[in-house]
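Fold and geometry: a report
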Amino acid sequence: MKASVRLLLAASVGAGLAAPAMAADPIKIGVIAEASSISGAAIPNAAKLAADEINAAGGVNGRMIEIVEYDDHNSAADAVRAFQRASSQDHVSAVIASYVSEVVLALEPWSGRLKLPMVTPGAASDVISHRIHDDYAANKYTFHGYMASTFLSDSVCDGMKAIAPNLGWKKAVVVSEDAAWTIPLDEEYLKCLPKIGIDVIDHIRMSPDTTDFTPIFNKIEGEKPDVMVTGISHIGVQPTVQWHDQQVPIPMIGISSQATSSTFYKDTNGAAEGVIYQTISAPDVGVTPKTLPFVKAYEKRFNITPAYCGYTTYDEVYYIADAIKRAGSTDPDKMVDALEKTSFVGTIGKVEFYGKDSQFTHAIKVSPEYIGGMLVQWQGGKQVTIWPNDIANAKIKFPAFVKTGGN
Amino acid sequence: MLKSKTFPSLVGILLLLALLPFGVSGYILGLLTLGYYTAVFAMSWDLLFGFAGEVNFGPSFLIGVGAYTAGLLNHYYTWPIWACVISGGAMSIIAGLLLAVPALRLKGPYFGLVTLVAVLMLQNFIVLFAGITGGEIGLDLPDVLAVDDGSNYWIALAFMGVSGLILFGLSRSAVGLILQASGQDAVQAGALGFNVTKHKLAAFCISALFSGLSGAMLIFYEGTVSVGTVVDIAVGVQVIIAAVLGGRRTILGAALGAVFLIGMGEMLRPLGEASTFVVSAIALVTIMFVPGGFLGALLHGEKR
Amino acid sequence: MKFLQILVDGFAISSLYGVGAIGFTLIFGVSGVLNLSHGSIMVAAAIGAWAMAGDLGFGAVGGAAGGVAVGVALALITYTLVVRPIQTSSRIAREEKEIFVLTGTLLWGIMVQEALAYLFTSNPKTVRPLIAGVVDIFGVRTPTQEILTALISWAAIGLLWLLVNRTKAGKVLLAASINPRGLTLLGFELPTIYFWVWALYGLLAGVAGVLLGSFLGVSSDNVGQLTASAFSIVVLGGLGSVTGSLIGAYVVGYLETITAYSGAPSIRTVPVLLLLVLVVYIRPQGLMGRR
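What this report covers is the structure whose coordinates are included nearby. Given the structure is predicted, the values throughout are model-derived calculations rather than measurements.

**A short note on the overall build of chain A**
Helix and strand counts for chain A come out as 14 helices and 14 strands. Relative to the globule expectation of 22 Å for 407 residues, the C-alpha radius of gyration of chain A, 22 Å, shows essentially globular dimensions. By its C-alpha atoms, chain A is 70 × 50 × 40 Å across when sized along the principal axes. Counting the 407 residues in chain A, one finds 62% classified as buried. Pairs at least 24 apart in sequence give 69% of the contacts found in chain A among residues at least 6 apart. Accessible surface computed for chain A: about 14,300 Å², of which carbon and sulfur atoms make up 55%.

**A look at the sheet that holds strand 7 (residues 199-206) of chain A**
All names here are of chain A. Pairing in this open sheet of 7 strands is mixed, and the strands run 7-6-8-9-10-13-14 from one edge to the other. Two strands bound the open sheet, and with one partner strand each, they are strand 7 and strand 14 (382-387). On average, adjacent strands in this sheet sit at an angle of 25° to one another, irrespective of strand direction. Relative to strand 14, strand 13 (residues 374-379) is paired through 5 bridges, and the arrangement is antiparallel. Pairing of Gln379 across the sheet is with Lys382, part of strand 14.

**Thoughts on the pattern of salt bridges**
Enumeration over the complete set of coordinates arrives at 16 salt bridges over all chains. Of the charged contacts in the structure, one is a salt bridge between A:Arg85 and A:Asp90, with a shortest N-O distance of 3.2 Å. There is no split in this pair, since A:Arg85 and A:Asp90 are both buried. With its nearest N and O atoms 2.8 Å apart, the salt bridge here joins A:Glu221 to C:Arg141. Here A:Glu221 is found in helix 9 (residues 214-222), whereas its partner C:Arg141 is found in strand 2 (residues 140-143) on a different chain.

**With respect to the state of the cysteines**
All names here are of chain A. Tallying each qualifying case throughout the model produces 1 disulfide over all chains. Between Cys157 and Cys192 runs a disulfide, and the two sulfur atoms are separated by 1.9 Å. Between Cys157 and Cys192, the S-S torsion sits near 65°, and that sign places the bridge as right-handed. Placement of Cys157 in helix 7 (residues 149-167) and of Cys192 in helix 8 (residues 182-195) is noted, with a sequence separation of 35 residues between them. Both residues of the pair, Cys157 and Cys192, count as buried.

**Section: the interface of chain B and chain C**
Each side of the interface is counted separately: chain B has 36 residues, and chain C has 42 residues. Carbon and sulfur atoms supply 77% of the area that chain B and chain C bury against each other, a total of about 3,700 Å² over both sides. At the boundary of chain B and chain C, one finds 0 salt bridges. Taken together, the connections running from chain B to chain C amount to 1 residue pair in polar contact (both at pLDDT 80 or more). At the level of secondary structure, the elements contributing two or more residues to the side of chain B that touches chain C comprise helix 4 (81-103), helix 5 (108-128), helix 12 (233-246) and helix 14 (275-289) of chain B. Broken down by element, the side of chain B that touches chain C gets its largest block of residues, 10 residues, from helix 5 of chain B.

**Structural notes on the nonpolar core**
Of all hydrophobic cores here, the largest spans 185 residues; its most connected members are B:Phe61, B:Val230 and C:Trp198. Per-element tally for this core: the top contributor is helix 2 (residues 26-51) of chain B, with 17 residues. When sequence neighbours within four positions are dropped, the list of residues in contact with B:Phe61 reads B:Ala95, B:Leu99, B:Ala118, B:Val119 and B:Leu122. Ranked by size, the runner-up nonpolar core spans 127 residues in total, among them A:Ala76, A:Phe143, A:Tyr311 and A:Ile320.

**Notes on the packing of helix 1 (residues 2-31) of chain C against helix 10 (residues 242-261) of chain C**
All names here are of chain C. Where helix 1 contacts helix 10, the axes come no closer than 7 Å and their chain directions differ by 145°. Regarding helix 1 and helix 10, the two cross each other, and that crossing is right-handed. Of the residues in the contact of helix 1 with helix 10, the class split is 16 nonpolar, 9 polar and 3 charged.

**Re the environment of A:Val345**
With respect to the secondary-structure elements, A:Val345 resides in strand 11 (residues 344-345). Once residues lying within four places of it in the same chain are set aside, the contact partners of A:Val345 are A:Thr288, A:Lys290 and A:Lys350.

**Some remarks on the pairing of strand 8 (residues 227-232) of chain A**
All names here are of chain A. When you tally the buried positions in strand 8, you get 6 out of 6 residues, the bulk of the element. Residue alternation in strand 8 divides its side chains into two sets, Val227, Val229 and Gly231 and Met228, Thr230 and Ile232, and both sets are buried. Note that strand 6 (residues 171-177) and strand 8 share 5 bridges and pair parallel. By the bridge assignment for strand 8, Val173 is matched with Met228. For the crossover that starts at strand 8, traverses helix 10 (residues 237-245) and ends in the parallel strand 9 (residues 252-256), the hand is right-handed.

Calculation rules
Residues numbered from 1 in each chain as written. Chains lettered and ligands numbered in written order. Predicted model: local features only at pLDDT ≥ 70, side-chain atom pairs only at ≥ 80, totals over all residues. Heavy atoms only, no water. Helix = DSSP H or I, 4+ residues; strand = E, 2+ residues; numbered from the N terminus. Rg over C-alpha atoms; globule rule 2.2 N^0.38 Å. Buried < 20%, exposed > 50% of the residue type's maximum accessible area, 1.4 Å probe, protein only. Contact = heavy atoms within 4.5 Å. Areas by Shrake-Rupley, 256 points an atom, 1.4 Å probe, with all protein chains shown as cover. Pairing = 2+ DSSP bridges. Axes fitted to C-alpha atoms, helices over the stretch in contact; angles between N-to-C directions. Salt bridge = Lys/Arg side-chain N within 4 Å of Asp/Glu carboxyl O. Disulfide = S-S within 2.5 Å. Buried area = accessible area lost by both parts, 1.4 Å probe. Polar contact = N/O pair within 3.5 Å; in protein donor to acceptor, adjacent residues only side chain to side chain. Core = buried A, V, L, I, M, F, W, Y, C linked by side-chain atoms within 4.5 Å. Left-handed = near helix turned anticlockwise from the far one by under 90°. Nonpolar A, V, L, I, M, F, W, Y, C, P; charged D, E, K, R; others polar. Right-handed = clockwise from strand over helix to strand, strands pointing away.

Below you can see the structure in the form of structure tokens.
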């Protein structure tokens, strides 16, 4: 009680003195994410890092950026509540929301109803941008700041096309968790893998509640594929550990969101060794000149490397600030216009959004020229890049129990 | 408490609450809106437990059936909201009857387990048919009750007011007394010539109806239906805690407990992840030291 | 081949379920308490072992021991801080003690779960295995850890059996579950007995938690699921019956494994739930229940 009174006094005194000097109110950006998960925690962390940097450099037209955090406990309802609060109580100008597609899909209509621009740093479902394409007027306030699922699959396929011949991969089983984001992901896997000469001999979807993966691995092993192509995000530690402990001789490659954070190695007791995952930025690769300084600053402040959505969030705070600067106001419609014209080189590459004509309206453009994927492998406790060749800094190496045809 | 005095004062309180949108921020209204729907959940649970004596660990089974019925009808067939809500309530009654069958046979922890299993089955079912139900995290709805906070608040308040008055009235009526008697000692109540089975069935149907209606209303407030909001065991736990915290056998206490829980959870939001911990700790201390709950303590002092 | 696989994998998981459930049933048998914070105690033990083996540098064995100690400590705290005060409270009517103990332990379990998520994040953790590697059993490649899980589980069960049937303390325990009032007439203090039962329970839950953590890995999100599964096993076997709980554990473990292997891993728990409803309808006292 006492402390809050003192705080109140200090605030009013402070405000009284500083008021003439302050140029304007801060620009508030809401951040909605699940704070207790690896991927979720990276979102507010990276946002604060970016905001502090922008503020240290003088803010946006003299206005400071203020990050307002909300924990959604990975629940769509909590997220909707947080979004409503962000709009009506905290008067934020934009929201950066979640890495979970279901949460973002629940927020998307609210972004339109409350006319509050929202960018997602980590959700992947294609439906997010398809909805904007189908009903632009209602959904134009949403931006998809991460690769759509289809692009993720394509990126994995591109990488596999380069590495599969040396490893003798010809037959694959697609294994993914049952969630909104993996529906388009799997669809595209089933299309793009055959195109690069890899037969998909089975397709398994696992409940995100699964804790014992033994039967699944056994079934897969019985089918004798050369490789497992994954699509996992909510799960990660347990299948990886069981894969390692049971010495399942089949390599894993694909999307494995939790593996993108440096704590993954510790959480799995090193079972991550040999896991290959697709990402858009790795801690050891300067995708752009901004990547490595960001990783360094992030590690210094939070003692871990950023999960994949840390990179995107960091960039998003910058390009939202940039859009507000160009729009000259925080009017939502002007901000949307400005965001659509974004052309920003961040830590993940050059960010631009697809326009109204594309099926992927407001999704970030994916191509080597803008944002391209890469394959990273856990080796000796470190995340090393193995593809594309021009930025690769290590050769593929599997633990002894994994059998590959090539080497 | 005299009936003649209680009802007018309740109506008075409701009218006062109806004035809130003229003085309070949208954010607080949003919280109360959620609190009011949760209040109906808790009051329905109290009717079943406090009066009929049935330890229902799975209030979210009844809530979830109503909510998902309404949600699916709206998402796939774009039925108008009122039709979805009524259908949701009707489906919940069927769910309530489904629960009542074992309740009439089983006692204590066994019935409790069946209700728990019912929730788990519903959850499994929803996740299993993820293609239709949206799975683990949910389905978004094309329609919402209202966009602005004030209207949403009034709708929720009116809904809670009507539901609360009906449930409270029932609990104070002859039916409530018979229920209480059969809840405490079914054999004796039967010996006195009351049809215990019939009354318990009625309690299940009424509890289910209001749980289902409220579940359906809630999802049209949030614009999304998901396991986490209306089915998960945690939802049921919150309802039970609210009712016990507010005071069992009071109906109104349940409403009080629900609003308190929701409000507390949000007030402690600055604590971040630790907020649930603190809310649970407060609830634990309350039930250990003030077992009669808020209303119990208020009405009876400390005596028991 | 598949049959052998089911046999081997089902055995380990069933043994693990068994250890977790007999502690749960023991407490109910002796003091009539259904401890809904069960899952959180198991998870706390596992995460304790993980933290001690990893960050604190106690090594795999030290970590495992430390994890079990966490289980015992937490069980005793649960008893002294939550269960005991409710049982002795004069403010709570006798017929309402049950619902209060249920609500109380439930809330306590949530508090432990949230504390774990806050301190260690909700990300799953795996306890460092005591012995890494795999062994070939009739052509089934089995992780050594899985064999160890089954062995330790059965060692714990065996020790419990010896304790109950061959020692004086065990006989007192048995007597307490049959006729607590008679025991007080013989000069035994019920609170003291309860205290030791809870310590024993903590030991079992701790062992089960650490084993689960090293076999499959645990997260604070698993708390509810673990409590529910122990509850189901115990009701299936008959509340209060240790033998029944063991049989229940094997029925559940194998039923789940068979379901998972017959190509439907996502409905793993559904047949168990159906069986449970069926048993509760036909024979509410469970397979081996005595009341």
